[in-house]
Amino acid sequence: MSIAGQQRCPMVVVSGNSHPELAQTVAEKLSTHLCDCCCYHKANRETVVEIKESIRGKDVYIIQTGTKDVNNDMMELQIIAYACKTSSARKVVGVVPYIPYSKQSKMRKRGSIVCKLLAKMLSTSGLTHIITIDLHQKEIQGFFDIPVDNLRASPFLIEYIQGTIPDFRNAVIVARNPNSVKRVTSFAERLRLSIAVIHGEDKDEDEPCDGRTSPPPLMQEADFGIHPIPDSDQGKQLLPLPAAENSNSTSILAKEKPPLNVVGDVGGRIAIIVDDMIDDVMSFVKIAEVLKERGAYKIYAMATHGLLSSDAPRLIEDSCIDEVVVTNTVPHEIQKMQCHKIKTVDISGMLVEAIRRIHNNESMSYLFRYIGMDD
């Protein structure tokens, strides 16, 4: 088949059960229909996939994201991908706006890098390409054995700031911690605003301390049963003496971060907290209280993925946060009904353009420069 013939290969859009609304929107904007695919659970909770249309020689785009039912979501994605592969599809592209387990991308004490395990499973299930948005760490792309396009939602959030916040010129972009300064700087440079950084200890249950960041205590030679050998005894074999039970050795205290504090001026200004995901909102609520104490008169929280787990809507409603802005990479309609402060930015247009460009073998660099921007 010629290259031109390959580019005109039919496109098929398949939806999993995680976010059917987003899949339907994408299909409509692509002027196509969702493939007749049935994905359900048997009585013993096994996942069954039935593709009721021929996909032989076609390019299949599976739209499936991570939600609270994360394990079922990812198993569905792998089974659908494998079903497409064994049905002789030409390409199987996974459109996964939010890849779960991305916070478990570093080694913990007696743990594992779960995100790498998930990447290996997705790579071997039949997927030939993955489209995602704002990975928790960009290095996660290296876990996959297939190409990964990590799109950015920041242009859409910046567009929301410019179009919805009337006096956004009086705003300051706030980083939740020093590790997210790079992401915040990107926002601040495009909006031509200053930044502030939250510094201090707010115990994050997702990142347990295993003592590796603290220095070991200073030990004396006597603590190891080792004693200096006098010059007169050089050459003689000496047995090590037992370690002293009560040693007077000095030790360095473990590192302790100070309480939450703001590095930067937020007095009389709008504070916009920016991160890649909002899951447990308690840390955002505590940061908002600190910003309020420092004189910020309006507080926004912005993120790409609005997981909003547990009782997040109630906590947001009772907090001093004025508005929480997230994209529709993860379904959160129930949370929006429980809290009027939650606003949604639609990023389906970016996914549509990414699918179209991959299908036509066009460059993806356009998406990183212009989509969502109206400069």
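Position labels on residues start from 1 in each chain and follow its written sequence. Where local features are concerned, this predicted model is filtered to residues with pLDDT of at least 70; where side-chain atom pairs are given and counted, the filter is 80 or more; whole-chain, interface and lining totals use all residues. With hydrogens and water excluded, all non-hydrogen atoms of the structure serve as input to the side-chain values.

Peer 1: I would appreciate a short explanation of the sheet that holds strand β4 (residues 59-63) in the present structure.
Peer 2: Hydrogen bonding along the main chain pairs the strands of a sheet, whether they run parallel or antiparallel. Reading across the sheet, the 5 strands line up as β1-β4-β5-β6-β7 and stay open at both edges, with parallel pairing between neighbours. The two strands at the open ends of the sheet, each matched to only one other strand, are β1 (11-15) and β7 (148-151). For this sheet the average axis-to-axis angle between neighbouring strands, irrespective of direction, equals 20°. A pair of strands is labelled paired if DSSP reports no fewer than 2 bridges between them. To qualify as a helix, a DSSP run of H or I must reach at least 4 residues; to qualify as a strand, a run of E must reach at least 2; elements of each kind are numbered from the N terminus. In this sheet, strand β5 (residues 91-95) lies alongside β4 in parallel orientation, the contact comprising 5 bridges. Directly across from Asp59, in β5, lies its bridge partner Lys91. Contacts between residues were defined by any pair of non-hydrogen atoms, one from each residue, lying within 4.5 Å. Comment: axis = line fitted to C-alpha atoms, over the contacting stretch for helices; angle = value between 0 and 180 degrees taken between N-to-C directions. Together, β1, β4 and β5 form the strand contacts of helix α3 (residues 70-86), whose direction differs from that of β4 by roughly 170°. This element, helix α10 (residues 348-359), spans β1, β4, β5, β6 (129-133) and β7 of the sheet and lies at about 155° to β6.

Peer 1: Sorry if this is basic, but what is going on with the sheet that holds strand β8 (residues 171-175) here?
Peer 2: Read from one edge of the open sheet, 7 strands run β10-β9-β8-β11-β12-β13-β14, paired in mixed fashion. This sheet does not close on itself; its edge strands, each paired only once, are β10 (261-263) and β14 (342-345). Sheet twist, expressed as the average angle between the axes of neighbouring strands with direction ignored, equals 30°. Looking at chain direction, β8 and strand β11 (residues 270-278) are connected through 5 bridges and run parallel. Each residue of the ladder has a partner; that of Ile173, found in β11, is Ile272. Docked against the sheet, helix α5 (residues 154-164) engages β11, β12 (298-306), β13 (323-327) and β14, running at close to 155° with respect to β12.

Peer 1: Before we go on, may I ask you to explain the pairing of strand β2 (residues 37-41) in this structure?
Peer 2: Consecutive side chains of a regular strand alternate in pointing toward one face of the sheet and then the other. Of the pairings in the sheet, the one linking β2 to strand β3 (residues 47-51) comprises 5 bridges and is antiparallel in character. For His41, the partnering residue across the bridge sits in β3 and is Thr47. A loop of 5 residues connects β2 with β3, the two strands running antiparallel in sequence, and Arg45 in this loop sits at a positive phi of about 75°.

Peer 1: Would you take a moment to explain the pairing of β11 for this structure?
Peer 2: Relative accessible area decides the class of each residue, using a 1.4 Å probe on protein chains only: under 20% of the type maximum gives buried, over 50% gives exposed, and in between gives partly exposed. Of all the 9 residues making up β11, 9 are buried; the element is thus mostly covered by neighbouring parts of the structure. Across 8 bridges, the pairing between β11 and β12 is parallel. Following the sheet pairing, Ile270 is matched in β12 by Lys298. The handedness of the β11 to β12 crossover, carried by helix α7 (residues 282-293), is right-handed. Look down the strands so they point away from you; if going from the first strand over the helix to the second traces a clockwise path, that crossover is right-handed.

Peer 1: What's the story with the pattern of salt bridges in this structure? I'm lost.
Peer 2: A side chain with one charge can pair with a side chain of the opposite charge if their charged atoms come near. The term salt bridge refers to a pairing of a side-chain nitrogen on Lys or Arg with a carboxyl oxygen on Asp or Glu at a separation within 4 Å. Evaluation of the coordinates by the stated rule reveals 13 salt bridges. Here Asp145 ties to Lys120 by a salt bridge, and the two come within 3.3 Å at their closest N and O atoms. Taken as a pair, Asp145 in the loop between β6 and β7 and Lys120 in helix α4 (residues 114-124) lie far apart in primary sequence, 25 residues in all. Looking at Lys120, the relative accessible area reads 34%, which means it is partly exposed. Of the charged contacts in the structure, one is a salt bridge between Asp275 and Arg176, with a shortest N-O distance of 2.7 Å. Residue Asp275 is located in strand β11, and its partner Arg176 is located in the loop between β8 and α6 (181-191); the two are separated by 99 residues in the primary sequence. A residue is classified by how much of its surface remains accessible, and Asp275, at 10% relative accessible area, is buried. Here the salt bridges share partners, and the residues they tie into one network are Glu353, Arg356, Arg357 and Glu362.

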